[in-house]
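Structural description and commentary
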Amino acid sequence: MAIETTQPGGIEYPGEEAPTPLQPVSRRSEWLRPHAGWAIVGGVVGYLIGHWLGNVIASGYINVQGSGQNDVATVLGLSLGVAGFLTGIGALNYPLAKMIGREPPPAVPEHNWVRYFRMTEDHKVVGLQYTVGVLLFLFTGGLLAMAIRTELLSPSSHVFGPGIYIALVGEHGTIMMMMASSAVVGPLGNWLVPLMIGTRRMAYPRVEAFSFWIFLAGYGVILTALFFGGFPTGWTGYAPLQTQASGGMDSYLVGFAVIGIGMICAGFNLAATIINYRAPGMTWSRVPIFVWAVLATTALLTLATPTLVVAGLFGVLDRTAETAFFVNEHGGSNFLWENLFWFFGHPEVYIMALPGFGIVMEIMPVFTRKPLFAYKVAAAGMLGVALLSFFVWQHHIFQSGINPDMRPLFMLTTELISIPTGFLFLVALGTLWKAKIRFDTPMLFCLGMLFNFLIGGVTGVFLSDVPVNVTVHGSFFVMAHFHYTIMGGLIFALFAGLYFWIPKMTGKTMNKRLSKWHFWTFFTFFNLTFFPLFLVGILGQPRRVFEYAANLQTLNDISTISAYCLGASFFFFIINFIWSIYLIPHDAPDNPWDSRGLEWQTPTPVPWFNFEHIPVVLSDPYHYGEPDAPPVADLGRVLVSAGGAPAEAVGHGDVSPPGDGGDLDPRPPIL
Amino acid sequence: MSETDAGSTASVSDPPATSQSQAETHHWWRLIAIWVVLSAILDPLFYFLAGPHIPPGKMTTTAGGAQFDFNVLLVIALPVLLAIWIFMIYAIVMWRASRGGPEPEGGETARGNTSVQLGWILTTTVIVLFLAGFGTYALVQPNGAGGGQGSSPIWTPTSKTVLPVQVIGQQWKFTYRYPTFGGFETTELVIPDNTTIAFHVTSLDVIHSFWAYQLGVKADANPAYDNVAFTTTSQMGTFIVRCSELCGIWHGAMYNSGVVVTPTQFESWATATEKRLATNTKLLPPFAYTYVPDANGADGGYYPDNIDPYSPVETYGAPQPGQGKGSGSGK
């Protein structure tokens, strides 16, 4: 039985003869080809053109309003700036070349550092680009958080004025939400999914690269808000304050829409890849649980995010073209923004949570040396969460004055979603049962995530209960709750994943002692920062205030000082990263954790094509504790034993069909 | 950990199935015993010691309801938290690799257990359905639990003597109008004890949220929209009012306090204030449940939005400020 090992379409591999008589575009010198420098130039030029155009179109009537600003110029500047940035990085080269009937140059593997500053078709490069991009977002947002906590050191004397404070709050929230919506799917999803499902490539590698560069453009756009005086609405951007706000609001609306387009692209690409590019034998019951998590997330990314883009467009039109989508007096409704925003905003919460679940469930079997408990329940639970998350959004606006008869329904759906969410704990506890737990750093982060997410989840039930919600809605209780789920859940899972997969991603080993120091300081100060804020919220401090009751100063100060230590704990990671990857690198073995995951069966560093031969998957990756378990996959050259070490050579360079094919699913690759 | 504990775990490695299942039973019973004991201690401890002090207190029926609801939720949540934490700590202590215990077993038994999974799903479903049912009861019974019910509330009080108080949010303060006392507008919020209050919350500019903390009342103030919340006072004293929806740069400074007084005191305060503010009240727009900005005048005046459906032509045709009755500044 011959096994089809090639996959159709897409990338031309070097060495193969060109299948087409079309002339390739001649290759220019290194520095003239698109890269990040040209992207920045393109962004600046685009902004200037757009700003000039906006002033030509609209300066007249904006002057009448006497507001000293021209929203049309800002919006056009930012939009054309993003377009210029993407042109500069070369996002348009392929479609434009196709359009004029020429064949774009084939993707060639580059091995120098310049590839990290280009649009690339290698999902591993995009994954690392996303890692750096997400950390950039995270640390920027983190610095803003330090500034917010500094202002809250004292109930009445101020470090910043209320205007700067409110700008910091909005900027922190928006940057963190943008970061968190890609925090795991971007770096680890893009890097790992093709390796986990045994494919050489993404379904749409150019769309994938586009999603990263537009994500970075969104970072630039949202940062410009600070230069336009910030926006006073927080990350929720409620109208009509949105319509009233100054120029920073344009950055918020354009930035969120831009990030949203990136999220949609990332989601489509990953969904298409997971559904269509699984290796032979990678049946749905053998797919790693992280891939299930990413698949559930992509459903949310592709279905919920368009609402955000549309809402942003409405907001931009309200501010520039004087439409009245969100203006009650002129036939619009401020409830429209609230509903559109939260219709995206609640699935967004699970866009952030689900990949974290996936990472924790993927990593725990490796360190407990046990199979994943209740695999099917876990997968079904995540799909259930994804589905239910579209039916809960009104719990964010219980007290807003929407029709009250919907309230019991949304209370019910919100509490129902805790059932599939709770499966995470069923799976985790079942996997811990009579295990042999190794407390390496990734496992510590997983346990920390479970601890934090439990608090975040249980307080979520309090918030979903309408009578309790009357007191805690809009208070620091909410704020502590979602920091426990997003930071305590997602960011802990992200670091679990980074510590776990960095040896494979970079080929270098992280320092163990610094890693553990990072975990313990991060975990301790995270809880010391955010647990007091539950109490602060119950005791009556609303969110986003710069002044508060004097009797709450002690709790606020505990939180602030812990927040500084929390911020400092990231230096352990940064120092560790620079030290272990660049200064004193130690080469990592191919499979340092003895994992059975398919991604660990590749050599380190992972070659450009991932797999020399498309693997034939023989079992799911969780056969721990079974001495006579089948190998996880037939990689063409060697079979891999249960422990992950190469066992016996069976092939000689080409794919050899397994002899008896007992466990082999004979399906051809799904195309 | 005592020697016997370690011994019983180590015995799992012995091949006989009996000792293995016995050790498993030990784990289960130990976990359940720790959980029951800790829950039985912590739940009453919380309920009777901390419970009565949980905000928002007992100043109104809705506040008391919210407090009771919070306590019930916490009494249910504590055993859930404990169950998972105890299990995790037990696993971390007992099943760590450094203890040199037996190799974990893979295979079908480790990959799932139908009764455990079904038990888990059933338990969580029962808890969740109970919480939703209880929450609905606690929402409907005290007339919407103090939350804003929009302009057409469905859980209305049966009491005949409901005092309407209009709360007008504006950047960045709350003002209050008393329609049953000539519609005077003041920055003081005074309400009588043992009375059902209907707060009609609206806004003149952006979204605010009227949060009367000790009253257990929260309702967003939307422009051109009447959001009604009910509560019944049951204790006298002062309470804090804060804005809990971000409304611009001075959002943090948007707070004041109100007071619950005896009905007689309230009556005399209201009639005296009505008389004192009579000249101001004449300049105000007539009382209405919503107001819209004066689109013609630049002085920030407001008109009552009485026209339903809203008609810009009729509203803009209303007299300008200073031209007569029914116009002027709403501030």
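Residues numbered from 1 in each chain as written. Chains lettered and ligands numbered in written order. Predicted model: local features only at pLDDT ≥ 70, side-chain atom pairs only at ≥ 80, totals over all residues. Heavy atoms only, no water.

**A few points about the overall build of chain A**
- Looking only at helices and strands, one finds 19 helices and four strands in chain A.
- A total of 671 residues make up chain A; the buried ones form 66% of that total.
- Of all intrachain contacts in chain A linking residues separated by at least 6 positions in sequence, the fraction that spans at least 24 positions is 79%.
- For chain A, the accessible area works out to roughly 22800 Å², and carbon and sulfur atoms hold 69% of it. (Helix = DSSP H or I, 4+ residues; strand = E, 2+ residues; numbered from the N terminus. Buried < 20%, exposed > 50% of the residue type's maximum accessible area, 1.4 Å probe, protein only. Contact = heavy atoms within 4.5 Å. Areas by Shrake-Rupley, 256 points an atom, 1.4 Å probe, with all protein chains shown as cover.)

**Thoughts on the overall build of chain B**
- Helix and strand counts for chain B come out as eight helices and twelve strands.
- A total of 331 residues make up chain B; the buried ones form 51% of that total.
- Long-range contacts, defined here as pairs at least 24 residues apart, represent 64% of the contacts in chain B between residues at least 6 apart.
- If you sum the accessible surface of chain B, you get close to 14800 Å²; carbon and sulfur atoms cover 65% of it.

**Remarks on the state of the cysteines**
Residues and elements named next belong to chain B.
- A complete count under the given rule lists zero disulfides over all chains for this structure.
- With no disulfide of its own, Cys243 lies closest to Cys247 among cysteine sulfurs, the gap being 3.8 Å.
- On the basis of relative accessibility, which here comes to 0%, the residue Cys243 falls in the buried class. (Disulfide = S-S within 2.5 Å.)

**Structural notes on helix H4 (residues 123-151) of chain A**
- An ideal rise of 1.5 Å per residue puts 42 Å on 29 residues; H4 of chain A measures up with 42 Å between its terminal C-alpha atoms.
- Its side-chain oxygen at 3.0 Å from the backbone nitrogen of Lys124 of chain A, Asp122 of chain A defines the N-terminal cap of H4 of chain A. (Expected span 1.5 Å × (residues − 1). Polar contact = N/O pair within 3.5 Å; in protein donor to acceptor, adjacent residues only side chain to side chain.)

**Digging into the packing of aromatic side chains**
Residues and elements named next belong to chain B.
- The tally for this structure, following the rule as stated, stands at 83 aromatic pairs over all chains.
- Pairing Phe130 with Phe134 gives two aromatic rings, centres 5.9 Å apart and planes at 15°, and the pair type is stacked. Of this pair, Phe130 and Phe134 both sit in helix H5 (residues 114-140), four residues apart, which is roughly one turn of the helix.
- Look at Phe130 and you get partly exposed, because its relative accessible area is 44%.
- Between Phe287 and Tyr289, the ring centres sit 5.4 Å apart and the planes meet at 80°, which makes this aromatic pair edge-to-face. (Phe/Tyr/Trp six-rings, centres within 6.5 Å; stacked < 30°, edge-to-face > 60°.)

**Describing the sheet that holds strand E10 (residues 255-261) of chain B**
Residue and element names in this part refer to chain B.
- If you trace the five strands from one edge of the open sheet to the other, you get E4-E10-E9-E6-E7, paired in mixed fashion. Bordering the open sheet on either side are strand E4 (189-192) and strand E7 (217-221), each of which pairs with just one other strand. Neighbour-to-neighbour, the strand axes of this sheet turn through a mean angle of 20°, independent of strand direction.
- Two elements, strand E6 (residues 208-212) and strand E9 (residues 237-243), share three bridges in a ladder whose sense is antiparallel. In the sheet register, Trp211 faces E9, and the bridge partner there is Arg242.
- Relative to the sheet, helix H6 (residues 263-276) contacts E4 and E10, its axis offset from that of E4 by approximately 135°. (Pairing = 2+ DSSP bridges. Axes fitted to C-alpha atoms, helices over the stretch in contact; angles between N-to-C directions.)

**Considerations on the interface of chain B and chain A**
- The interface is formed by 92 residues belonging to chain B together with 92 residues belonging to chain A.
- Where chain B abuts chain A, roughly 7500 Å² becomes buried across the two surfaces, and 70% of that area is made up of carbon and sulfur atoms.
- The three residues of chain B that bury the most area against chain A are Trp95, Arg111 and Leu246 of chain B, which together make up 10% of that side's buried surface.
- For the pair chain B and chain A, the number of links is two salt bridges.
- Here Asp620 of chain A ties to Arg111 of chain B by a salt bridge, and the two come within 3.0 Å at their closest N and O atoms.
- In this assembly, chain B and chain A are joined by 23 residue pairs in polar contact (both at pLDDT 80 or more).
- Going through the elements one at a time, helix H2 (17-50), helix H3 (61-94), helix H4 (108-111), H5, E7, E9 and strand E11 (291-293) of chain B are the ones with two or more residues in the side of chain B that touches chain A. (Buried area = accessible area lost by both parts, 1.4 Å probe. Salt bridge = Lys/Arg side-chain N within 4 Å of Asp/Glu carboxyl O.)

**Some thoughts on the nonpolar core**
- Leu188, Ile289, Leu432, Leu450, Phe495 and Trp501 of chain A are the most contacted members of the largest nonpolar core, which has 234 residues in total.
- Broken down by element, the residue count for this core peaks at 22 residues, all from helix H17 (residues 476-506) of chain A. (Core = buried A, V, L, I, M, F, W, Y, C linked by side-chain atoms within 4.5 Å.)

**A few points about the confidence of the model for chain B**
Residue and element names in this part refer to chain B.
- On average, residues of chain B score 81 in pLDDT, and 81% of them reach the 70 mark or higher.
- For residues 1-18, every residue scores under 50 in pLDDT, and the model assigns this stretch 24 contacts once sequence neighbours within four places are set aside.
- Segment residues 306-331: pLDDT under 50, and 48 contacts once partners within four positions in sequence are set aside and those in other chains are kept. (pLDDT = per-residue confidence, 0-100.)

**Structural notes on the pattern of salt bridges**
Residue and element names in this part refer to chain A.
- This model, assessed by the stated rule, comprises nine salt bridges over all chains.
- Between Glu121 and Arg206 there is a salt bridge, with its nearest N and O atoms 3.1 Å apart. Residue Glu121 is located in the loop between helix H3 (93-99) and H4, and its partner Arg206 is located in helix H7 (residues 205-227); the two are separated by 85 residues in the primary sequence.
- Taking relative accessible area as the criterion, Arg206 reaches 29% and is therefore assigned partly exposed.
- Taken together, the salt bridges that share partners define one network made up of Asp71, Asp250 and Arg319.

**Side note on unusual backbone geometry**
- Ala239 of chain A connects to Pro240 of chain A through a cis peptide bond whose omega is 0°.
- Relative to the elements of secondary structure, Pro240 of chain A occurs in the loop between H7 and helix H8 (241-244).
- In the segment running from Gln171 of chain B into Trp172 of chain B, the intervening peptide bond is cis, with an omega of 0°.
- Relative to the helices and strands, Trp172 of chain B is located in the loop between strand E1 (162-170) and strand E2 (173-178).
- Phi is positive for Arg369 of chain A, which is not a glycine, with a value near 55°.
- Here Arg369 of chain A lies in the loop between helix H11 (334-368) and helix H12 (375-388).
- Overall, the relative accessible area of 15% leaves Arg369 of chain A in the buried class.

**Here we look at the sheet that holds E2 of chain B**
Residues and elements named next belong to chain B.
- Spatially, the five strands line up as an open sheet ordered E3-E2-E1-E5-E8, and their pairing is mixed. Looking at which strands have only one partner, the edges of the open sheet turn out to be strand E3 (184-186) and strand E8 (227-232). Taken pair by pair, the neighbouring strands of this sheet meet at an average axis angle of 25°, ignoring direction.
- One ladder, built from six bridges, connects strand E5 (residues 196-203) with E8; its direction is antiparallel. Looking across to E8, one finds that Ile197 is bridged to Thr231.

**A short note on the side chain of Gln129 of chain A**
- Note that Gln129 of chain A resides in helix H4.
- Excluding residues that lie within four positions of it along the chain, Gln129 of chain A makes contacts with Arg115, Tyr116, Phe117, Arg118, Thr120, Phe212 and Trp213 of chain A.

**With respect to a nonpolar patch on the surface**
Residue and element names in this part refer to chain A.
- On the surface, Leu32, Trp38, Val41, Val45, Ile49, Trp52, Leu53, Val56, Ile57 and Leu80 cluster together to form a nonpolar patch covering roughly 920 Å² of accessible area.
- Examining the composition of the nonpolar patch, we find that eight residues originate from one element, helix H1 (residues 36-65), more than from any other.
- Given the relative accessible area of 55%, Ile57 is considered exposed. (Patch = residues over 30% accessible without salt bridge, like charges linked within 9 Å, V, L, I, M, F, W, Y side chains within 5 Å.)

**Describing the packing of H4 of chain A against H7 of chain A**
Residues and elements named next belong to chain A.
- One can describe the packing of H4 onto H7 by two numbers: an axis separation of 10 Å at closest approach and a directional angle of 15°. In terms of axis orientation, H4 runs roughly parallel to H7. Between H4 and H7 the crossing geometry is left-handed. Listed contacts from H7 to His123, Val126, Gln129, Tyr130, Gly133, Val134, Leu136, Phe137 and Thr140 of H4 are Glu208, Ala209, Ser211, Phe212, Trp213, Phe215, Tyr219 and Leu223.
- In terms of residue class, the contact of H4 with H7 is built from eleven nonpolar, five polar and one charged. (Parallel < 35°, antiparallel > 145°, perpendicular 65-115°, else oblique. Left-handed = near helix turned anticlockwise from the far one by under 90°. Nonpolar A, V, L, I, M, F, W, Y, C, P; charged D, E, K, R; others polar.)

**Points about the environment of Ala279 of chain A**
- Turning to its location among the elements, Ala279 of chain A is positioned in the loop between helix H9 (248-276) and helix H10 (289-320).
- Ala279 of chain A sits in the buried class, given a relative accessible area of 4%.

**Some thoughts on the pairing of E10 of chain B**
Residues and elements named next belong to chain B.
- Alignment of E4 against E10, held across four bridges, turns out to be parallel. Residue pairing for E10: Ile191 is matched across the bridge by Val260.
- As judged from the six bridges shared by E9 and E10, these two strands associate in the antiparallel manner. Directly across from Thr238, in E10, lies its bridge partner Val259.

**Some details on the pairing of E7 of chain B**
Residue and element names in this part refer to chain B.
- Most of E7 sits inside the fold, with five of its five residues counted as buried.
- Here E7 shows no split at all, with Val217, Ala219 and Ala221 on one side and Lys218 and Asp220 on the other all buried.
- Here E6 pairs with E7 via five bridges, running antiparallel. In the strand pairing of E7, Ala212 is matched with Val217.
- Between the end of E6 and the start of E7, which pair antiparallel, lie four residues, with Gly216 showing a positive phi angle near 65°.

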